[in-house]
Amino acid sequence: MPNYRRAWHPGGTYFFTVNTLRRHGCTLLTDHIDSLRAAVRTVRRAHPFAIHGWVVLPDHLHAIIELPPGDADFATRWRLIKAGFSKRLPPIERRSAVRVARGERGIWQRRFWEHLIRDERDFAAHMDYVHFNPVKHGLVARVADWPYSTFHALVADRVYPADWAGRMAADGVICPD
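Residues numbered from 1 in each chain as written. Predicted model: local features only at pLDDT ≥ 70, side-chain atom pairs only at ≥ 80, totals over all residues. Heavy atoms only, no water.

- In the nomenclature of an unreviewed UniProt entry, the protein chain is known as Transposase of Desulfoglaeba alkanexedens ALDC.

**Looking at the pairing of strand E1 (residues 13-19)**
Inference 1: The element E1 is extensively covered by neighbouring structure, given that 7 of its 7 residues are classed as buried.
Inference 2: In E1, alternate side chains face the same way, and those of Thr 13, Phe 15, Thr 17 and Asn 19 on one face and Tyr 14, Phe 16 and Val 18 on the other are all buried.
Inference 3: As judged from the 7 bridges shared by E1 and strand E3 (residues 60-66), these two strands associate in the antiparallel manner. If you follow Tyr 14 over to E3, its bridge partner there is Ile 65.
Inference 4: Here E1 pairs with strand E4 (residues 113-116) via 4 bridges, running antiparallel. When the sheet's bridge partners are listed, Phe 16 is paired in E4 with Glu 114. (Buried < 20%, exposed > 50% of the residue type's maximum accessible area, 1.4 Å probe, protein only. Helix = DSSP H or I, 4+ residues; strand = E, 2+ residues; numbered from the N terminus. Pairing = 2+ DSSP bridges.)

**With respect to the sheet that holds E3**
Inference 1: In space, the 4 strands of this open sheet follow the order E2-E3-E1-E4, with antiparallel pairing throughout. The open sheet has two free edges, formed respectively by strand E2 (50-56) and E4, since each of these has just one partner strand. In this sheet, adjacent strand axes meet at a mean angle of 15 degrees when their direction is disregarded.
Inference 2: Packing of helix H2 (residues 33-46) onto the sheet brings it into contact with E2 and E3, and relative to E2 it is tilted by some 160 degrees.
Inference 3: Strand contacts of helix H3 (residues 74-87): E1, E2, E3 and E4, with the helix running at about 35 degrees to E1, the strand carrying the most contacts. (Axes fitted to C-alpha atoms, helices over the stretch in contact; angles between N-to-C directions. Contact = heavy atoms within 4.5 Å.)

Right, dumping it as structure tokens:
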């Protein structure tokens, strides 16, 4: 068994990638976006955290969150978000014998990937990665076209311009003037 090392930094800001169990052709997260949002709201009430950036794609999500001072327990937050989302869905997915024995749903990969944000440059790079991800995966031609993202709120707050990152064309990215 691998020896996973987590970067536990109280009050830290982290980038996360969280995947569904079956990635290929899965649209579970966007099909049930309201259930995911409800799960996040519920967890934030009990275990507060600030959301700096978030994008939900059909089969995975990326988030940049900041924990309160003195708190480094992001693992509990993700466990509760995943469980809360899963409980809102009917149990119709295929489950392995191991998952059945453990009482687990067949929705999420067991683990997630986290990265402790080191500085402003690292923060900016990860924020850009989060918001460009739907274009990277070919889901939309422009960042602004993806509805399940904090990009729109950040445009309203003048963090990003509405035409940020241009648009994807058949032969590459076209940047705005």
